[in-house]
Amino acid sequence: MTTQMFGAPIRRKEDPRLVTGGGRYLDDLGNDALAAAFVRSPHAHARVVDIDASGAVDVEGVVAIYTHEDLPGAVGEPLPLLIPHPTLTHGRTGYALAKDEVNHVGEPVVMVVATDRYVAEDACQRIRVTYEQLPVVVGIEKARDGEALVHDDVPGNVAAHMTQEVGDVEAAMARAPHHLTLDLDIERSACTPMEGKGVYARWDAERDELRMYSSTQTSTGVRAAVAAKLGLPLQKVECIAPDVGGGFGVKIMHPWPEEVLVPWAARLIGQPVKWVEDRREHFISSAHERGQLQRVTVGFDDDGRVLALDVKFWHDNGAYTPYGIIVPIITSTQLLGPYKPGAYRCEFWSLYTNTVLVTPYRGAGRPQGCFAMERTMDSIADTLGLDRAEVRARNFILPEEMPYDHGLLFQDGRPLKYDSGDFPASLAKLKALVGWDDFAAYRAAAEAEGRKVGLGIGCYVEGTGVGPYEGGHIQIETSGRVNVSTGLTSQGQGHETVFAQIVAEELGVRLEDVHVTTGDTRRMPYAVGTFASRAAVMSGNAIALAARNVRAKALRIAADALEVSPDDLEIVDGTVRVKGAPTTSISLGTVSVLSNPLRYAFDEAARAATQFAGTFDPDKPPVADDDEPGLEGKDFYSPTQATFANGMHAAIVETDPVTAEIRILRYCVIHDCGTMINPMIVEGQVHGGVAQGVGGALYERMAYDESGQLLNASFMDFLMPYASEVPTVEADHLETPSPLNPLGIKGAGEAGCIPVSAVIASAIEDAEGFPITRMPISPSELWDLRRRHAGGEVPSLHRALHRALHRAPHRAPHPGLGRPTSPATPATTPRDGSTTTAAVTKETPA
Amino acid sequence: MIPASFDYVAPTTVDEALAALAEHGDDAKVLAGGQSLLPILRMRLNAPGVVVDLGRIPDLQGVCDDGDHIVIGAMTTYAAVLADDLVSTHASLLSKAVATVADPQIRHRGTLGGALVHADPAGDVGAPVLALGAELVVAGPGGQTRTVTADDFFEDLFTTAVGEGELLTQIRIPKHTGWGAHYEKFVRVSHQWSIVAVAATVRSEGGTIAEARVGLTNMGSTPLRAVSVENALVGQPATDEAIRAAVASVADGTNPPSDLNGDSDYRRHLATVLTRRAVLAAAGA
Ligand SMILES: Cc1cc2nc3c(=O)[nH]c(=O)nc-3n(C[C@H](O)[C@H](O)[C@H](O)COP(=O)(O)OP(=O)(O)OC[C@H]3O[C@@H](n4cnc5c(N)ncnc54)[C@H](O)[C@@H]3O)c2cc1C
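Residues numbered from 1 in each chain as written. Chains lettered and ligands numbered in written order. Predicted model: local features only at pLDDT ≥ 70, side-chain atom pairs only at ≥ 80, totals over all residues.

Per an unreviewed UniProt entry, chain B goes by Carbon monoxide dehydrogenase and derives from Intrasporangium oryzae NRRL B-24470.

Looking at an unreviewed UniProt entry, chain A carries the name Xanthine dehydrogenase, with the source organism given as Intrasporangium oryzae NRRL B-24470.

If you tally the helices and strands in chain B, you get twelve helices and 14 strands. Radius of gyration (C-alpha) of chain B: 19 Å, near the 19 Å computed for a compact globule of 285 residues. By its C-alpha atoms, chain B is 60 × 45 × 30 Å across when sized along the principal axes. Taking all 285 residues of chain B together, 51% fall into the buried category. Across chain B, every contact between residues at least 6 apart in sequence was considered, and the portion connecting residues at least 24 apart equals 65%. (Helix = DSSP H or I, 4+ residues; strand = E, 2+ residues; numbered from the N terminus. Rg over C-alpha atoms; globule rule 2.2 N^0.38 Å. Buried ≥ 20, exposed ≤ 12 C-beta atoms within 10 Å, placed from the backbone. Contact = placed C-beta atoms within 7 Å.)

It is worth spelling out the sheet that holds strand E6 (residues 128-133) of chain A at this point. Residues and elements named next belong to chain A. Spatial ordering of the open sheet is given by E4-E2-E6, a layout of three strands whose pairing is antiparallel. Both edges of this open sheet fall to strand E4 (101-102) and E6, since each of them pairs with a single strand only. Pairing analysis gives six bridges linking strand E2 (residues 46-52) to E6, with the strands arranged antiparallel. Bridge assignment links Asp52 to a residue of E6, and that residue is Arg128. (Pairing = 2+ DSSP bridges.)

Before going further, it helps to examine the confidence of the model for chain A. For chain A, per-residue confidence averages 92 on the pLDDT scale, and residues scoring 70 or more make up 94% of the total. Low pLDDT, under 50, characterises residues 810-846 of chain A; the predicted model gives this stretch 58 contacts beyond four residues in sequence or across chains. (pLDDT = per-residue confidence, 0-100.)

All right, on to the site of the ligand then. Residues and elements named next belong to chain B. Near the ligand lie 30 residues; those nearest to it are Gly33, Gln35, Ala102, Gly110 and Gly114. Residue assignment for the shell around the ligand shows that the elements contributing at least two residues are strand E2 (28-31), helix H6 (104-109), helix H7 (112-118) and strand E10 (167-174). Considering every element that reaches the shell around the ligand, the biggest residue donor is H7, with five residues. Among the residues forming the shell around the ligand, the class breakdown is 16 nonpolar, ten polar and four charged. (Near = placed C-beta within 6 Å. Nonpolar A, V, L, I, M, F, W, Y, C, P; charged D, E, K, R; others polar.)

Core analysis: the largest hydrophobic core is formed by 284 residues, its most contacted members being A:Val503, A:Val653 and B:Val279. If we ignore the near neighbours within four places in the chain, the residues touching B:Val279 are B:Ala200, B:Val202, B:Ala212, B:Val214, B:Leu233, B:Ile243 and B:Val247. The next biggest cluster of nonpolar side chains, apart from the first, holds 59 residues, and it includes A:Val222, A:Ala225, A:Leu230 and A:Trp264. (Core = buried A, V, L, I, M, F, W, Y, C linked by C-beta atoms within 7 Å.)

Turning our attention to the packing of helix H10 (residues 366-384) of chain A against helix H19 (residues 756-768) of chain A. Residues and elements named next belong to chain A. Two elements in contact, H10 and H19, have axes separated by 8 Å at closest approach and are oriented at 30°. Considering the angle they form, H10 stands roughly parallel to H19. H10 and H19 meet at a crossing whose hand is right-handed. Facing Pro367, Cys370, Phe371, Glu374, Arg375 and Asp378 of H10, the residues of H19 in contact are Ser757, Ala758, Ala761, Ser762 and Glu765. A class-by-class count of the residues in the contact of H10 with H19 yields five nonpolar, two polar and four charged. (Axes fitted to C-alpha atoms, helices over the stretch in contact; angles between N-to-C directions. Parallel < 35°, antiparallel > 145°, perpendicular 65-115°, else oblique. Left-handed = near helix turned anticlockwise from the far one by under 90°.)

A word on the interface of chain A and chain B. Residue-level contacts link 30 residues of chain A with 25 residues of chain B. When residues in the side of chain A that touches chain B are grouped by element, the largest group, five residues, is from helix H3 (residues 117-125) of chain A. Each residue belonging to the side of chain A that touches chain B can be placed in one class, and the counts come to eleven nonpolar, ten polar and nine charged.

So, on to the domain arrangement of chain A. Each assigned domain of chain A is listed with its residue range as follows: domain 1 (32-134 + 197-244 + 251-285), domain 2 (289-466 + 641-810) and domain 3 (468-637). The partner domain 3 of chain A presents 17 residues to the 19 residues of domain 2 of chain A that form the contact. (Domains from an automatic or database assignment.)

This paragraph deals with helix H7 (residues 257-269) of chain A. All names here are of chain A. Over its 13 residues, H7 extends 18 Å from the first C-alpha to the last, a length consistent with the 18 Å expected when each residue adds 1.5 Å. Burial analysis of H7 places eleven of its 13 residues in the buried class, the great majority of the element. For H7, every residue scored as buried is listed here: Pro257, Glu258, Glu259, Val260, Leu261, Val262, Pro263, Trp264, Ala265, Ala266 and Arg267. Two residues or fewer after H7 comes Gly270, characterised by a positive phi angle close to 80°. (Expected span 1.5 Å × (residues − 1).)

Encoded structure:
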């Protein structure tokens, strides 16, 4: 029997190749290509007065130098605004090369093409650009006050102002017996994939054709954009995403200036041209995300049920808005998480600043939204003296209320309607996993040792698998090899494996016979791209549908050949056989031969399909009117709406009473992405997401100074967690199938990172006894908060005051308590990233 | 992030290296392990016309015994320092500090001499070299050498007593045989430069501190020696209480930086905490 493929924790097919250096990334291609490099703006806001390239022209090896003046037609026009929105009243995009004005440090101004990158950079250094500096807008507060403007014609720096409201918030707020207002702040971070962007283009002058490669999350999108910009017929442009070393969102943005300029120059010069982004370029000229100030006002009843939620936030969209206002729209809708908000109003302003543009980064607006909602839930619980998990449970949407329509419009312009989920069950699992109900004892034991620990929680719902569509194409060769193609791209998610699992299961073939191609517009010209946790849902279902078509065709042909009814047939390990009589069989390879009537035979297998072989009906054409040659099938999947996955995380952190170091002792995840195609891959995605979330919570920030210089544009200064800083993730799953698609699946790609800042803030606050309203947080900042708390500037949590009152008589360590025990002890020894040791946490403050 | 083009010379003796430096003047730059110089060149913060690689000069490598000193060649890599028994026996403070530098790859390229001349205040070898009262041997044009005490060696941010046309050739460390030592480094992620670190080495006699040396990393524009704390420690019992009192003023008069990893008040606080920990550990308490 074929072993079950769908749902099995199969090892990733692509890993042996990728981990042994067999990957072919953009910079592995095009060794004969000319190299491009860019002169980028050193100023955050300036007028370009003059460009003097005379010093660079005679650098040996320089082939071409381009400024905006050289760009013809559409190439010189503003880059496209990909996702317009009615409330995006002041959308602005940049130029491929700056025209007159630069709006952030890193904006490309001059392009140099040379024999190699060394020469190109030497030439760049000799180009003198004269700027007239303009007032700089950095930070949301400065953008909001509107004194200085990023774009002269955008008053108040407001790109978009949007409000969505369900119910009557004013009235519900007035009726609510309790109210709270929270001011929250979440910093900028960025995707920082291991491989930056890169573009390589070859122009074929004989055929008037362009082939380009881009380290992109959407090769179809890039292809269409480049064809439009260069005025080429779509058929004359091919775009291929080779192996891509991570994307996390930054590569769904397109076309980047370089994606237009490199193919344009390759065509003009008549030689292949390549550009590979370096790390500094990635920091200052790709994209960032996060970055919001939020004000939440909530009205709730005595039981902690939310009656009215009124959210205002200010979103920093950087210098331009080519990707529209997707990020703040997601924040404004997804912050609701698993809860019923009562009446809800969300108003946001998307603001320009003289910084790198902001486009989706894994989580895409959700971490900010989750932070707002979860901080609110914790505050309600604290105000009423209720258990934090209980307050959440009281506000949950219940399974019997599914599908649940929030009455809002989601990022895809369709209703925000949850398809399924069992939030109480998830919470129960989470509480059991982390030992929620035993935590008081754990804390008491830790306190007796002079240690400070805290428990945090965060819940989220994630709209995944947004449309409009993806396609799948499957072709079975006469050898039995199964070729699968889908148009969206891969950046290491394991698509080769999960799509192969779907096909192996649907067709009844062996996994090793299935070969998956993604992101190649020659193979699948219609596609959208890999983002929004959509690949498994969209392409997975499309591929499953295509496989079902192929299977039906295979059974029909085999039934003819074996002279049985298709219903009596099954496919096992690539062989079609009669159920109950497995020796009566025909291989799928032979079925493929039969599917394609031939005039010439080249090998043994093909002989069966030539015109003088076999029997046939002389009254019918070799290929029936309603049929096509070949054993292949194609289908598209286009859902009416997104499918909503969810998860709940809890963490135990320890904060050093002396140094304010923050250590995550345990990190627990309950994750529900519907039916899982491959639990091992889902878990890998969750682990990676949590790692990025930890980065966002404790380390990563984009430190712009007032003049718009990014002070930490290198991995020496931009801290990311190493393996030593990422906690062991204890994950468990719930599988609530989605009713929306044939496979019952939901997306999982972004999940892990969404609630981490909320969870860690919740845990630190619990350990410290005062509110945490700003993330990420460093030991230095926590130490400063402690000082301000001690000085009365930062209030105490109600429960901290309460605990202090009730703790006094029991202060002395209980002899029997000892070190806390299971289940609240770390599953594994916490890895200590610092060289200071755990023992020091026993000290009393200096 | 590609260096501007430069000529490359790889002398095999100190004299040849000095001659190359003399010939090219301020257009020349010395290359040791390249772990600081190459990033600087790649970011085009510096664009020397000639790079003089010291990597092929055998005389600059290795550790030897010289009576009451050990002598470390400037081009000895961190990895070689770490593996060396003379260092761990007679200057264990240095071994302990070197063990915290970056990661194994960098420790196999980076050199003790390169790190000292680079003189990044967050670097980990300045404080122990200072605390151990090392002498630094500097060779100048024509091959004359002079010896500079560690106290005089570090002049400012990225500035040492090694002038143009000169080379650091040797680090001479008085033997601290039998001294306890500890390097307490505070970082947020592993493989990070010190936010603050404290180098302490202590000679104890029957539970009492007989001598102590304390150096501070990243508490100012150069590594600092905490002389008053050293003095206050002498004669103290190696107990938490006594040490706490003796080191309480360690941050007085320091002017540490404020940056993304911590503001200067926090650094002062850390210095006190880390000094106590370092001295306690060095005293074996
Ligand atoms: C990722 C990373 C992490 C790091 N982390 C740490 C850390 O945690 N702690 C730490 O202390 N350091 C760290 N470093 C820096 C590392 O220690 C460097 O090796 C050191 O600062 C320089 O040593 P080098 O041999 O590589 O010198 P080079 O980079 O080759 O030279 C440094 C400078 O000294 C000059 N120079 C070198 N040798 C001599 C000589 N003999 N005479 C005169 N001038 C000379 C050079 O001209 C140059 O100006 C890190 C480096 C990297 C890349």
